[in-house]
Amino acid sequence: MTDSVQPEIRVLVVGLGTMGLSHARAYRKIPGFRLVGLCTHRPETRSDLAAEFPDVPRFEDFTQSLAELKPDAVAICTYTEAHADLAVQAFAAGAHVFCEKPLADTMAAAERVVAAARTSGKVLLIGYILRVHPSWTRFVEIGRSLGKPLAMRMNLNQQSFGSYWNVHKKLMRTTSPIVDCGVHYVDVMCLVTQARPVAVHAVGVRMTEEIAPHMYNYGHLHVVFSDGSVGWYEAGWGPMMSETAYFVKDMIGPKGSVSIVAKESAGEAPSSASHDGHARTNSLRLHHAALKADGTFAEPDEIITTADEPDHQGLCDLEQERFLDTILNKRDLTAHHEDALNSLRIVFAADESVRTGEVVRL
């Protein structure tokens, strides 16, 4: 008697920007997946795709690619405003879905996607890449040990130019920097506090005429949690952004603090524009607040090295390995979906606060 062989999961990738391309490479290398199609509207990428994936069919129309390939799974890596419709269409076609964050451009659309996943019985995994990052997992664990209430400070400003700035301007047709990047970091805050967000206040400013009048390219939010903890997140995009303190990630509690100590990546200028640089932590600095009788610190700071952490492609590989495991082992993703909706509520509340100038109660 021989063991049965698990069939490969046939995957179609739609959207071949930075993330879509990285996920396509992951599907090509991970045993258990088979990359069967690439779908993109961007003519400038087609020759590159043909060179890197010569044997993978390429499509411009998503409906056509679904009908011809009948994939087992679809990876949705397009701009945010297209996520919901594509995901619902994929579920209707009987496919599992990996969807890049943010899940959708409105709460109603995000809830529609989650409902479609539950109705179809198919997997919906959302691209919260920090959840598979070993250094960020350790960061969360340490944060939970610092006591309550916590003060959490995070930002990711990007001095974008050239092709990066073009991508950011396209994103800002519908999605602000606070929403696009912020879902990652408010999700981390929620994981650490394990408390309910109760109030959000935010401000934003439009510093360029290259984006729509209703949009802002710099903003920051403040969120208050039911346990008394508070969080701050800042995000800005554009050629005008400062390189000073563009990467701040730390948490402070009664027992001390933990900070991600990120170094600028050699040879990259400016480093804030580097996707790979965003994934690196380099080390964690753990500070102990306890004092001795003479008023000096009882313990020195600890430097926890993270030198062996994966790069951006390695993180995408880990994310897709989780997708495969979830499909094959029928993992329950109810909590994952609720967490994703929760982080979206916070950042959409921040958008509302920017528009109205008011504190939004959750």
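Residues numbered from 1 in each chain as written. Predicted model: local features only at pLDDT ≥ 70, side-chain atom pairs only at ≥ 80, totals over all residues. Heavy atoms only, no water.

Digging into the environment of Leu 35
So, point 1. When you line up the elements, Leu 35 lands in strand S2 (residues 33–39).
So, point 2. Given a relative accessible area of 10%, Leu 35 falls into the buried group.
So, point 3. In this structure the C-alpha to C-alpha distance between Leu 35 and Leu 103, which are 68 residues apart in sequence, comes to 22 Å.
So, point 4. The contacts of Leu 35, once residues within four sequence positions are left out, are Val 11, Val 13, Ala 24, Tyr 27, Phe 53 and Val 56. (Helix = DSSP H or I, 4+ residues; strand = E, 2+ residues; numbered from the N terminus. Buried < 20%, exposed > 50% of the residue type's maximum accessible area, 1.4 Å probe, protein only. Contact = heavy atoms within 4.5 Å.)

Things to note about the sheet that holds strand S14 (residues 302–305)
Pairing between the strands of a sheet comes from backbone hydrogen bonds, and it takes one of two forms, parallel or antiparallel.
So, point 1. Overall, mixed pairing links the 9 strands, which are arranged S14-S13-S12-S11-S7-S10-S9-S8-S15 in an open sheet. The two strands at the open ends of the sheet, each matched to only one other strand, are S14 and strand S15 (360–361).
So, point 2. Judged from the 7 bridges that link them, strand S9 (residues 218–225) and strand S10 (residues 230–236) form a sheet pairing that is antiparallel. In the strand pairing of S10, Val 224 is matched with Val 230.
So, point 3. Sheet strands touched by helix H6 (residues 134–144): strand S7 (151–156), strand S11 (247–253), strand S12 (256–261), strand S13 (283–288) and S14. Its angle to S12, the strand with the most contacts, is close to 165 degrees.
So, point 4. Sheet strands touched by helix H8 (residues 177–193): S7, S9, S10 and S11. Its angle to S10, the strand with the most contacts, is close to 160 degrees. (Pairing = 2+ DSSP bridges. Axes fitted to C-alpha atoms, helices over the stretch in contact; angles between N-to-C directions.)

Considering the side chain of His 168
So, point 1. When you line up the elements, His 168 lands in helix H7 (residues 162–171).
So, point 2. His 168 gets classed as buried once you look at its relative accessible area, which sits at 6%.
So, point 3. Residues contacting His 168, with those up to four places away along its chain left out, are Gln 158, Ser 160 and Trp 237.

Some points on the sheet that holds strand S3 (residues 58–59)
So, point 1. Reading across from one edge, S3-S2-S1-S4-S5-S6 is the order of the 6 strands in this open sheet, with parallel pairing throughout. The open sheet has two edge strands, S3 and strand S6 (124–127), and neither has a second partner.

Observations regarding the confidence of the model for the chain
So, point 1. Of all residues in the chain, 92% have pLDDT values of 70 or greater, and the mean over the chain is 93.
So, point 2. Across residues 264–270, where pLDDT falls below 50, the model places 11 contacts with residues more than four positions away in sequence or in other chains. (pLDDT = per-residue confidence, 0-100.)

Let's talk about the packing of helix H5 (residues 107–120) against helix H11 (residues 334–356)
So, point 1. The interhelical angle for the contact between H5 and H11, taken along N-to-C directions, is 175 degrees, at an axis separation of 10 Å. Considering their axes alone, H5 and H11 lie roughly antiparallel with respect to each other. For the pair H5 and H11, contact is made by Met 107, Ala 110, Glu 111, Val 114 and Arg 118 and by Thr 334, His 337, Glu 338, Leu 341, Leu 344, Arg 345 and Phe 348, respectively.
So, point 2. Looking at the contact of H5 with H11, its residues break down into 6 nonpolar, 2 polar and 4 charged. (Parallel < 35°, antiparallel > 145°, perpendicular 65-115°, else oblique. Nonpolar A, V, L, I, M, F, W, Y, C, P; charged D, E, K, R; others polar.)

Considering the nonpolar core
So, point 1. Within the largest apolar cluster, 86 residues are counted, with the highest numbers of intra-cluster contacts made by Phe 62, Val 74, Leu 103, Leu 124, Met 154, Leu 221 and Tyr 233.
So, point 2. Among the elements that line this core, the one with the most residues is H8, at 10 residues.
So, point 3. Residues Val 13, Ala 26, Ala 75 and Leu 125 belong to the second largest nonpolar core, which totals 24 residues. (Core = buried A, V, L, I, M, F, W, Y, C linked by side-chain atoms within 4.5 Å.)

Regarding helix H3 (residues 62–69)
So, point 1. Buried within H3 we find Phe 62, Ser 65, Leu 66 and Leu 69. When H3 is viewed along its axis, its buried side chains cluster within an angular range of 100 degrees and face the same direction.
So, point 2. Regarding H3, its N-cap is Asp 61, as a side-chain oxygen of that residue lies 3.2 Å from the backbone nitrogen of Thr 63 further along.
So, point 3. Looking one or two residues beyond H3, the residue adopting positive phi is Lys 70, at roughly 45 degrees. (Arc of directions from axis to C-beta. Polar contact = N/O pair within 3.5 Å; in protein donor to acceptor, adjacent residues only side chain to side chain.)

Observations concerning H6
So, point 1. Listing the buried residues of H6 in full gives Ser 135, Trp 136, Phe 139, Val 140, Ile 142 and Gly 143. On an axial view of H6, the arc spanned by its buried residues comes to 165 degrees, and they lie on one face.
So, point 2. Here the buried face of H6 lies against S7, H8, S11, S12, S13 and S14.

So, the packing of aromatic side chains
Where two aromatic rings form a pair, the distance of their centres and the angle of their planes describe that pair.
So, point 1. As enumerated under the stated definition, the model contains 6 aromatic pairs in all.
So, point 2. Summarising the aromatic geometry, the rings of Phe 98 and Phe 323 are spaced 5.9 Å apart at their centres and angled 55 degrees between planes, so their arrangement reads as tilted. In this pair, Phe 98 is assigned in strand S5 (residues 96–100) and Phe 323 in helix H10 (residues 312–329), connecting sequence segments 225 residues apart.
So, point 3. The class of Phe 98 is buried, set by a relative accessible area of 0%. (Phe/Tyr/Trp six-rings, centres within 6.5 Å; stacked < 30°, edge-to-face > 60°.)

Here's the deal with the pattern of salt bridges
So, point 1. Here the structure, examined in full by the defined rule, presents 17 salt bridges.
So, point 2. Across the pair Asp 180 and Lys 101 runs a salt bridge, and its minimum N-O distance is 3.3 Å. Here Lys 101 lies in the loop between S5 and H5 and Asp 180 lies in helix H8, a separation of 79 residues in the sequence.
So, point 3. A residue is classified by how much of its surface remains accessible, and Asp 180, at 8% relative accessible area, is buried.
So, point 4. Here Lys 169 and Glu 210 are joined by a salt bridge, their closest N and O atoms 2.7 Å apart. Here Lys 169, found in helix H7, pairs with Glu 210, found in the loop between strand S8 (197–205) and S9; they are 41 residues apart in sequence, far enough to count as distant.
So, point 5. We classify Glu 210 as partly exposed; its relative accessible area is 48%.
So, point 6. One continuous salt-bridge network, built from bridges that share partners, spans Arg 25, Arg 28 and Glu 52. (Salt bridge = Lys/Arg side-chain N within 4 Å of Asp/Glu carboxyl O.)

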